[in-house]
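# Residue-level structure breakdown
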Amino acid sequence: QVQLVESGGGLVQAGGSLRLSCVASGNIFSINDMGWYRQAPGKQRELVAGITRGGSTNYADSVKGRFTISRDNAKNTVYLQMNSLKPEDTAVYYCNVQMIILGRTYDFWGQGTQVTVSS
């Protein structure tokens, strides 16, 4: 059993900042990629940012230069620093962790944390 617990969401004014955290616990095996996705009402879930175990990162074009993803492998934790937030960033943000178990890759998801940006 693996649990992902997210924190750090909330209500912020446009131009403000938030920092999301996601901690993985339970039967932790080899964590590979970690990432953050978001889903706005009426829209599909989309990748916001991803980070490999070695620290390579990728971002959605809409957040480049404003968001920064990082991870602490010793703490099984991934972070998302969100600056210069815009109303269009409003969504439920989900943490995603990939683990390699007996040679197969498995995806695990957090429960989601709401981010609301007011104009």
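Below or above, wherever it landed, is the structure these notes cover. Computed from a predicted structure; not experimentally measured.

## Re the state of the cysteines
- With the rule as written, the count across this model stands at 1 disulfide.
- Across the disulfide from Cys22 sits Cys95; the S-S distance is 2.1 Å. Here the disulfide of Cys22 and Cys95 is left-handed, its torsion about the S-S bond being about -80°. With Cys22 in strand S3 (residues 18-26) and Cys95 in strand S9 (residues 91-101), this residue pair connects regions lying 73 residues apart in the sequence. We note that Cys22, like Cys95, is buried.

## Quick word on the sheet that holds strand S7 (residues 67-72)
- With antiparallel pairing, the 4 strands of this open sheet are ordered in space as S1-S3-S8-S7. Lying at the two open borders of the sheet, with one neighbouring strand each, are strand S1 (2-7) and S7. Averaged over all pairs of adjacent strands, the angle between strand axes in this sheet comes to 15°, irrespective of strand direction.
- In terms of strand pairing, S3 meets strand S8 (residues 77-82) through 6 bridges, oriented antiparallel. Across the sheet, the residue bridging to Arg19 is Gln81, located in S8.

## Focus: the packing of aromatic side chains
- Taken as a whole and judged by the stated rule, the model has 1 aromatic pair.
- A ring pair is formed by Tyr37 and Trp109, whose centres lie 5.0 Å apart and whose planes are at 65°; its orientation type is edge-to-face. One end of the pair, Tyr37, is in strand S4 (residues 30-39); the other, Trp109, is in strand S10 (residues 104-109), and 72 residues separate them in sequence.
- Tyr37 gets classed as partly exposed once you look at its relative accessible area, which sits at 23%.
- Here the guanidinium or amino end of Arg45 rests over the ring plane of Tyr94, the centre of that ring lying 3.8 Å away.
- In this structure, Arg45 packs its charged tip against the face of Trp109, placed 4.8 Å from the ring centre.

Rules used throughout
Residues numbered from 1 in each chain as written. Predicted model: local features only at pLDDT ≥ 70, side-chain atom pairs only at ≥ 80, totals over all residues. Heavy atoms only, no water. Disulfide = S-S within 2.5 Å. Helix = DSSP H or I, 4+ residues; strand = E, 2+ residues; numbered from the N terminus. Buried < 20%, exposed > 50% of the residue type's maximum accessible area, 1.4 Å probe, protein only. Pairing = 2+ DSSP bridges. Axes fitted to C-alpha atoms, helices over the stretch in contact; angles between N-to-C directions. Phe/Tyr/Trp six-rings, centres within 6.5 Å; stacked < 30°, edge-to-face > 60°. Lys NZ or Arg CZ within 6 Å of the ring centre and 35° of its normal.

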